[in-house]
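Take a look at the letters that make up each chain.
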Amino acid sequence: MTLVILAAGMGTRYGGLKQLDTISNEKEAIIDFSIYDAIKYGFKKVIFVVRKDFLETIKSLYLPKLQNKIKVEFVCQEVSNIPTEFKNNNRIKPWGTGHALLSVKNVVNDNFCVINADDFYGANAFFKIAKFLKNTPISSTKYAMVGFKIQNTLSENGTVSRGECYLDSGNYLKRVVECTNISLVNNRIVYSENNQEKEIQKNSLVSMNFWGFTPTIFQEMETLFHQFLKENYRTEKEEFYLPSVVNYLLENQIATVKVLETSSNWLGVTYKKDKAAVISKITELKKDGVYPESLWN
């Protein structure tokens, strides 16, 4: 099994390169805990999807600490990495999470898990996805997603966007609907849609971009990305999102996605002020013995 870490984001709201920001006394970042949990449950390779401008920085950090622990590869997600016919544009912003995943097509040979670099998912989430991937044939179009209760994914320091998951009776995903400006107001979780306030139940499952796939997904993604570029290659901000790919596959009955509910609490640094709460929780997890004092020593 391979772990793919999407780490090419800009960190606009955070105000810096949050993928590498440290959250422990041992100078570990959120990425470190994800890799530690992945190794624990049997992943043999990790691929970092990064931008070229900080490739050498991330290599210098992770090649030494992961030596002899897991195979490591780096792939650059570059705006220019698109078919020649669409390169006549002034695009600066990355093409989105779907494009980021497509960039690893040539280095993924196994069932794999995709995560965000700046999200802490917890050991239970990796346990669930590893169990699924180990029991899924490599040629299968049966995929999985780890679902988090929305009440475990909010920030005290501002609104967030989450993909609300709609499931069938067998816990298979029917669709993911992006909800924006989500916050806790008077003990209710609300978001805005068409300038109207709507409520989401606290136990509703949301996607935090924690997916389990087989390599079969890449062929469909290439076709969809080509179509996306035909329509959007001259735009400055339109993005090719991974959840949109999944929705298409579900709507057209090309694949299934089993939703694996986790008991883990999500931690993340959407905003600069979130960092203190993440540091406090990580300190607590180490104190309780969930993680060793130093992950890599």
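Residues numbered from 1 in each chain as written. Predicted model: local features only at pLDDT ≥ 70, side-chain atom pairs only at ≥ 80, totals over all residues. Heavy atoms only, no water.

A. Layout of the pattern of salt bridges. Under the defined criterion, the tally for this structure stands at 13 salt bridges. In this structure, Glu239 engages Lys93 in a salt bridge whose closest nitrogen and oxygen atoms are separated by 3.2 Å. Here the residue Glu239 occupies a position in the loop between helix H5 (217-232) and helix H6 (242-251), and Lys93 occupies one in the loop between strand S3 (71-76) and helix H3 (97-102), the gap between them amounting to 146 residues. Where salt bridges share partners, they join Lys45, Lys71 and Glu73 into one cluster. (Salt bridge = Lys/Arg side-chain N within 4 Å of Asp/Glu carboxyl O. Helix = DSSP H or I, 4+ residues; strand = E, 2+ residues; numbered from the N terminus.)

B. Expanded view of the pairing of strand S4 (residues 112-116). Within S4, 5 of the 5 residues are buried, which leaves the element mostly enclosed by the surrounding structure. Where burial is concerned, the two faces of S4 agree: the one with Phe112, Val114 and Asn116 and the one with Cys113 and Ile115 are both buried. Both strand S1 (residues 2-6) and S4 contribute to a ladder of 5 bridges, which runs parallel. In the strand pairing of S4, Thr2 is matched with Phe112. Two strands pair when backbone bridges link them, and S4 and strand S11 (residues 205-213) are joined in this way by 3 bridges, in the antiparallel orientation. Counterpart to Val114 in the pairing with S11 is Trp211. (Buried < 20%, exposed > 50% of the residue type's maximum accessible area, 1.4 Å probe, protein only. Pairing = 2+ DSSP bridges.)

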